[in-house]
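Geometric and topological summary
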Amino acid sequence: MAFIKINKENFFHNLSQFLTKTGSKESIGIVLKDNAYGHGLELMAQLSKEFGLTQAVVRTFNEAQIIKPYFKHILVLGERAICDTVCSFTLNSLEDISKAEKGSIVELKVDTGMHRNGISMDELEIALKEIKNKGLILKGVMTHNRSADELSSELFWQQKRFEIVKSVIILHGFKNIRYHSFNSATSLRLPCNHQEMIRLGIGAYGYSELPTLYKTLKLKPVLSLWAKKVATRTLKKGERVGYGGQFEAPKEMTVSTYDLGYGDGWMRSNDFEPFVTAEGLPLLGRVSMDYIILESTKEEICIFDDALSAGKQLKTISYELMTQLHKDIKRVVI
Ligand SMILES: *Cc1c(COP(=O)(O)O)cnc(C)c1O
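Here the structure is a predicted model, which means the values were calculated and not measured.

Analysis parameters
Residues numbered from 1 in each chain as written. Predicted model: local features only at pLDDT ≥ 70, side-chain atom pairs only at ≥ 80, totals over all residues. Heavy atoms only, no water. Near = heavy atom within 4 Å. Polar contact = N/O pair within 3.5 Å; in protein donor to acceptor, adjacent residues only side chain to side chain. Areas by Shrake-Rupley, 256 points an atom, 1.4 Å probe, with all protein chains shown as cover. Nonpolar A, V, L, I, M, F, W, Y, C, P; charged D, E, K, R; others polar. Core = buried A, V, L, I, M, F, W, Y, C linked by side-chain atoms within 4.5 Å. Buried < 20%, exposed > 50% of the residue type's maximum accessible area, 1.4 Å probe, protein only. Helix = DSSP H or I, 4+ residues; strand = E, 2+ residues; numbered from the N terminus. Domains from an automatic or database assignment. Contact = heavy atoms within 4.5 Å. Pairing = 2+ DSSP bridges. Right-handed = clockwise from strand over helix to strand, strands pointing away. Phe/Tyr/Trp six-rings, centres within 6.5 Å; stacked < 30°, edge-to-face > 60°. Salt bridge = Lys/Arg side-chain N within 4 Å of Asp/Glu carboxyl O. Disulfide = S-S within 2.5 Å. Axes fitted to C-alpha atoms, helices over the stretch in contact; angles between N-to-C directions. Parallel < 35°, antiparallel > 145°, perpendicular 65-115°, else oblique. Left-handed = near helix turned anticlockwise from the far one by under 90°.

Now for the site of the ligand. Contacts to the ligand come from Val31, Lys33, Tyr37, Leu77, Lys109, His144, Asn183, Ser184, Arg199, Gly201, Ile202 and Tyr319. Contact between the ligand and Ile202: an oxygen atom at 2.8 Å from a main-chain N or O atom of the residue. In this structure, an oxygen atom belonging to the ligand sits 2.7 Å away from a side-chain N or O atom of Tyr319. When isolated, the ligand has an accessible area of 390 Å², and the protein chains bury 93% of it. Within the shell around the ligand, the residues separate by chemical class into five nonpolar, four polar and three charged.

Written out as structure tokens, the structure is:
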């Protein structure tokens, strides 16, 4: 099967870069949702701990259970709040408050403009009352920015609205609340030294989808995808390869099958603009469920080592390309 190399040095390098902005390891919440953006949940939890991080962010309680041994605190983004000593749970709506278990630790998400999740600013007072009535422990208040990675002033508009939210919370007498609203892109754009926690996802894995102007930190890709050779053959001029015989050999050539396909989460893309690997080899013909064909006889081939440029070739973003990689693909740390 294809395999993934995780470059520990680059991961630590990226974390160190963000550390220069936050000033403390405690204020970096490493986002490990969706199998740590395809890097491997438990593996990245281990490495995060080794670096000295203490906080993580995941989507499900299940993910949280797997990584509990590695962190002091875990924020769960998308699941009903229950009593747990390590986890806090995001309240995305008034309904979430009514469903939450009494005594659970919660973080209220407020919609400051993205209109995806979170209670609206108009609902803030009701929400706070309900949280008190239900006996929930409010640990944090958070929001998410819709345009942090675009060149616009929308980020600042949302940050202002979040300041208003803070003042309402304080007015209602809540104390020791942590406020957080920074993802990777926001952390690259704004100073982080006053943030109690940044929610660091894609940046830790080495990418920023921001215009170059905002690439204020040097980040290095952590993940590379590799495939192993299965079989080699010689094609005569005019012979065609794979399903539909989409690729025709223009001359005699030696090609090999490699063990990667859409069953591994590699995108099938289209036959007419073949993906070109990190080593400059175009995929020949159609991607099968488990195989691709390349003009090479090398035992191992690096498919991509930069998800940003690979994503561009496949007309998607680094996030999608990486999170699709099947969780059964072996991850090795180098
Ligand atoms: C995924 C996620 C993040 C991390 O975003 P990046 O752009 O990967 O840094 C932060 N906050 C929330 C609420 C998220 O869902």
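Now for the nonpolar core. Nonpolar side chains in soluble globular proteins tend to end up buried together. Ile30, Leu32, Ile67, Leu108, Trp266 and Phe304 are the most contacted members of the largest nonpolar core, which totals 101 residues. Top contributing element to this core by residue count: helix α3 (residues 41–51), with six residues. Counting contributing residues, this core receives three or more from each of domain 1 (7–200) and domain 2 (223–305). Setting aside anything within four residues of it in sequence, one finds Trp266 in contact with Leu225, Leu260, Gly261, Phe275, Leu283, Val287, Ile303, Phe304, Leu314 and Leu321.

Moving on, we get to the domain arrangement of the protein. Each assigned domain of the protein is listed here: domain 1 (7–200) and domain 2 (223–305). The centre of domain 1, based on its C-alpha atoms, is set 41 Å off from the matching centre of domain 2.

Moving on, we come to the pairing of strand β3 (residues 55–58). On β3, burial covers both faces: Gln55 and Val57 on one face and Ala56 and Val58 on the other are all buried. The pairing of β3 with strand β4 (residues 73–76) spans four bridges and is classified as parallel. Paired with Val58 across the strands is Val76, a residue of β4. A crossover links β3 with its parallel partner β4, the connecting element being helix α4 (residues 61–67), and its sense is right-handed.

By the definition in use, this model includes ten aromatic pairs. Here Tyr37 and Tyr319 contribute two aromatic rings whose centre-to-centre distance is 5.9 Å and whose plane-to-plane angle is 35°, an arrangement assigned as tilted. You can see Tyr37 sitting in helix α2 (residues 33–37) and its partner Tyr319 sitting in helix α10 (residues 318–323), a full 282 residues away along the chain. Looking at Tyr37, the relative accessible area reads 6%, which means it is buried.

Before going further, it helps to examine the pattern of salt bridges. All told, the structure shown has eleven salt bridges when counted by the stated rule. When the shortest N-O distance is used, the salt bridge between Asp84 and Lys68 registers 2.7 Å. Residue Asp84 is located in the loop between β4 and β5 (87–91), and its partner Lys68 is located in the loop between α4 and β4; the two are separated by 16 residues in the primary sequence. Residue class for Asp84 comes out buried when judged on its relative accessible area of 14%. With a relative accessible area of 23%, Lys68 lands in the partly exposed category. Lys251 is the partner of Glu295 in a salt bridge, and the nearest nitrogen-oxygen pair spans 3.4 Å. On the criterion of sequence distance, the pair formed by Glu295 in the loop between β15 (292–294) and β16 (300–304) and Lys251 in the loop between β13 (247–248) and β14 (253–258) is long-range, its members being 44 residues apart.

Even without being glycine, Asn35 reaches a positive phi, approximately 55°. Tracing the chain through its elements places Asn35 in helix α2. Of note, the phi angle at Ala36 is positive, near 50°, even though the residue is not glycine. Inspection of the secondary structure assignment puts Ala36 in helix α2.

One way to say it: the disulfide is the covalent bond shared by the sulfur atoms of two cysteines. For the coordinates displayed, the defined rule picks out zero disulfides. The thiol sulfur of Cys83 is not disulfide-bonded, and the nearest other cysteine sulfur, from Cys87, lies at 12 Å. Of the residues examined, Cys83 reaches a relative accessible area of 38% and is grouped as partly exposed.

Moving on to the packing of helix α1 (residues 8–22) against α3. Close contact between α1 and α3 brings their axes to 11 Å; oriented N to C, the two are set at 55°. The pairing of α1 with α3 is recorded here as oblique in orientation. Handedness of the α1/α3 crossing: right-handed. For the pair α1 and α3, contact is made by Lys8, Phe11, Phe12, Leu15, Ser16 and Leu19 and by Met44, Leu47, Ser48, Glu50 and Phe51, respectively. By residue class, the composition of the contact of α1 with α3 is seven nonpolar, two polar and two charged.

Moving on, we get to the environment of Phe51. Within the element layout of this structure, Phe51 appears in helix α3. Owing to a relative accessible area of 10%, Phe51 belongs among the buried residues under this scheme. When the C-alpha positions of Phe51 and Phe12 are compared, they lie 6.7 Å apart, and in sequence the two are 39 residues distant. If sequence neighbours within four positions are ignored, Phe51 has contacts with Phe12, Leu15, Ser16, Leu19 and Lys25.

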